[in-house]
Amino acid sequence: MSPIRKPAPPKPFLIRNKFVPRGKLILPGDKSIAHRALILSALSKGKTILKNFPIHADSLATLNALTALGVSIRRKGSRVLVHGRGRQGLKKSRKPIFMGNSGTTLRLLLGVLAAEDFKTKVTAGKYLSVRPMARVNVPLRLMGAGISAKIKGREEYAPIVINGGGLKGIVYRMPVASAQVKSAILLAGLSAKGKTRVIERLSSRDHTERMLKIFGANIVIKNNSITLDPDKVLVSPGRIYIPGDISSAAFFMVLASIIPGSKIILERLSLNPTRTGIIKVLKRMKAKIKIETLRGRQSGSFEPVGNLTIKSSKLKGTFITPDEIPSLVDELPIIMVAACFAEGRTVIRGAGELRIKETDRINSMVRNLKCMGADIRVRKTASGENIIIKGGRHLHGASLKSFGDHRTAMSMVVAALAAEGSCRLDDINCVSKSFPGFLAALGSLLKG
Ligand code: S3P
């Protein structure tokens, strides 16, 4: 089992050296795909080799949780070998299972544990323990799982005790656009009696559906409705290549766009259309992004893959609608940075989900960017929260806070590199949640 890492203590970071980033990067595999690849490999028949598997706190949280549930997993660098145990083949864990601070690990595994004929207690780290869990507990209870959680006000939180087995399929209309909730229901549906149908108003990322197909599940997708019939056995496809993480790539797309003279090439990147909102928005902002799609064997993956070349350009403000949010939800912090360096106004409508990510990312980004001199404000409306940024001001050096959040930290490093003067960030270690190699990747562009 990979060691359960305690989060490293906060490490302050001084951002002083300005440079023109130039060079090529192949980024570690996509975090969302990695969680699903581990889980479905564990629930299928046969062995699966995962390639370009990303090593970070969140992916290790899923790997360790599955190991605690009796799955044999061997890892050598970014190559992972999983010995599948089949559906409902997991073993009861005598000890509570720690999910770290990974929301995807906890929510998806609740779906898996709902199907297993035993009781499990799951616990979470400091940041995950304050994130809402009713959104996943409610549908899993409707399917027949016994779930008790910590209750505060009207919301449910970890730790959670889940008593699984004897599930029945349901038809569930999603009240929020959440791939984590959708995936938990589908994973539970794999071992339920009868079909499970999930209906989305706004489409969320579809990695679970794609991967279920690769493992031979009987899944039919029609418009916004996904129907899973649990009649098929899951069989390993043998190998899965995990393309580069577009959410990590987003920091480099914006960095190259806002620093004059930059050119960055990102190779073998995941270009799943439910995740490419960042590219669409940056292109609308007049970013210079060239996409080369890789097909068939060249891509080596069952997910869309491509190479991106990004050159600096004069960005313009844009308008982001609520319908676009699910396709770029994790990229909103870095989009706020891009908007500060763009000419004119950017409005992001319906950004409320950002309040319940690893930290309240509306608060963390607005506070930091204001400290640097940005014109950014939040407007609450009847239909949600909007963020309004008037770009084009020069940002200056400041003392910045990560709020323990990896994406806030990386966004602020990018903002600081493009600003005048030097910045101090209170904690850079939190990037280990999704991208421990972030600074090394940045450093490699220094020499490019
Ligand atoms: C994820 C879905 C998104 C995203 C998270 C990863 C996933 O959350 O913010 O970082 O892998 O399913 P929601 O599904 O809750 O929006």
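Before any of the text, the structure's been laid out above.
From a predicted model like this one, the values you see are computed outputs, not experimental measurements. (Residues numbered from 1 in each chain as written. Predicted model: local features only at pLDDT ≥ 70, side-chain atom pairs only at ≥ 80, totals over all residues. Heavy atoms only, no water.)

Novice: Mind showing me how you'd approach the sheet that holds strand β17 (residues 305-311) here?
Specialist: Judged by pairing direction, the sheet is mixed, and its four strands sit side by side in the order β2-β15-β17-β16 without closing on themselves. The sheet is open, and its two borders are formed by β2 (22-26) and β16 (288-294), each paired with just one other strand. Here the average twist between neighbouring strands, direction ignored, is 15°. One ladder, built from seven bridges, connects β16 with β17; its direction is antiparallel. Paired with L294 across the two strands is V305, which belongs to β17. (Pairing = 2+ DSSP bridges. Helix = DSSP H or I, 4+ residues; strand = E, 2+ residues; numbered from the N terminus. Axes fitted to C-alpha atoms, helices over the stretch in contact; angles between N-to-C directions.)

Novice: Teacher, can you tell me more about the packing of helix α11 (residues 361-371) against helix α12 (residues 406-418) here?
Specialist: Helix-helix packing: each pair is described by the crossing angle between the helix axes and the interaxial distance. Their axes nearest at 10 Å, the elements α11 and α12 cross at an angle of 20°. Considering their axes alone, α11 and α12 lie roughly parallel with respect to each other. Crossing of α11 over α12 shows right-handed handedness. Residue-level inspection shows R361, S364, M365, N368 and L369 of α11 in contact with α12, the latter providing H406, R407, T408, S411, M412 and A415. Considering only residue class, the contact of α11 with α12 consists of four nonpolar, five polar and two charged. (Parallel < 35°, antiparallel > 145°, perpendicular 65-115°, else oblique. Left-handed = near helix turned anticlockwise from the far one by under 90°. Contact = heavy atoms within 4.5 Å. Nonpolar A, V, L, I, M, F, W, Y, C, P; charged D, E, K, R; others polar.)

Novice: What am I meant to see in the packing of helix α3 (residues 103-115) against helix α5 (residues 179-189) here?
Specialist: Taken N-terminus to C-terminus, the directions of α3 and α5 make an angle of 20°; their axes are 7 Å apart at the nearest point. As the angle between them shows, α3 and α5 are arranged roughly parallel. The handedness of the crossing between α3 and α5 comes out as right-handed. Residue-level inspection shows G103, T104, R107, L108, G111, V112, A114 and A115 of α3 in contact with α5, the latter providing Q180, S183, A184, L187 and A188. Looking at the contact of α3 with α5 residue by residue, the class counts come to seven nonpolar, five polar and one charged.

Novice: What am I meant to see in helix α8 (residues 277-284) here?
Specialist: Each α-helix turn comprises 3.6 residues. Residues three or four places apart therefore point the same way. For α8, the set of buried residues is G277, I278, I279, V281 and L282. Looking at the buried residues of α8, the elements they touch are α7 (246-258), β16, β17, β18 (319-320) and α10 (332-340). Looking one or two residues beyond α8, the residue adopting positive phi is K286, at roughly 75°. (Buried < 20%, exposed > 50% of the residue type's maximum accessible area, 1.4 Å probe, protein only.)

Novice: Please clarify how the side chain of E385 should be interpreted in this entry.
Specialist: By the secondary structure assignment, E385 is in strand β21 (residues 384-391). Given a relative accessible area of 11%, E385 falls into the buried group. A polar contact of 2.7 Å, which involves the side chain of E385, links it to the side chain of R355. (Polar contact = N/O pair within 3.5 Å; in protein donor to acceptor, adjacent residues only side chain to side chain.)

Novice: Is there a simple way to explain the site of the ligand in this structure?
Specialist: The ligand sits among S32, R36, T104, A177, S178, A179, Q180, R205, V329, D330 and K357. Take K357: an N or O atom from its side chain is 2.7 Å from an oxygen atom of the ligand. Calculation on the ligand without its partners gives an accessible area of 380 Å², and the protein chains cover 93% of this total. Sorting the residues of the shell around the ligand by element identifies α1 (31-43) and α5 as the ones contributing at least two each. (Near = heavy atom within 4 Å. Areas by Shrake-Rupley, 256 points an atom, 1.4 Å probe, with all protein chains shown as cover.)

Novice: Teacher, can you tell me more about empty space enclosed by the protein here?
Specialist: Over the atoms rolls a probe the size of a water molecule, and its path tells where empty space is left. Throughout the structure, instances matching the rule amount to one cavity of 30 Å³ or more. Of the pockets and cavities examined, the largest cavity occupies roughly 40 Å³. L43, R87, Q88, V112, A115, E116, L187, L190 and S191 are the residues that line the largest cavity. Of the residues assigned to the lining of the largest cavity, the class counts are five nonpolar, two polar and two charged. (1 Å grid on protein atoms, 1.4 Å probe; cavity = no way out; pocket = protein on both sides within 12 Å on 5 of 7 lines; lining within 4 Å. Points joined across faces, edges and corners; volume = space filled by probe spheres on them.)

Novice: It is not clear to me how the packing of aromatic side chains should be interpreted in this structure. Could you clarify?
Specialist: Remark: the centre distance and the inter-plane angle together describe each pair of aromatic rings, the angle taken between the planes. As enumerated under the stated definition, the model contains four aromatic pairs in all. Taking the centre distance of 5.9 Å and the plane angle of 50° together, the rings of F252 and F438 count as tilted. Pair noted here: F252 is in helix α7 and F438 is in helix α13 (residues 438-447), with a separation of 186 residues, a long-range link. Among the residues examined, F438 registers a relative accessible area of 0% and is labelled buried. Site record: aromatic cluster; members linked through ring pairs are F251, F252, F435 and F438. R268 extends its terminal NZ or CZ atom over the ring of Y241, reaching a point 4.7 Å from the ring centre. One cation-aromatic arrangement involves K401 over F403; the distance from NZ or CZ to the ring centre is 5.0 Å. (Phe/Tyr/Trp six-rings, centres within 6.5 Å; stacked < 30°, edge-to-face > 60°. Lys NZ or Arg CZ within 6 Å of the ring centre and 35° of its normal.)

Novice: In this structure, what is going on with the environment of S327? I would like to understand it.
Specialist: Mapped onto the elements, S327 comes out in the loop between β18 and α10. Discounting residues that sit within four places of it in the chain, S327 has contacts with T274, R275, T276, G277 and I278. Polar side-chain contacts of S327 include one of 2.8 Å to the backbone oxygen of E324.

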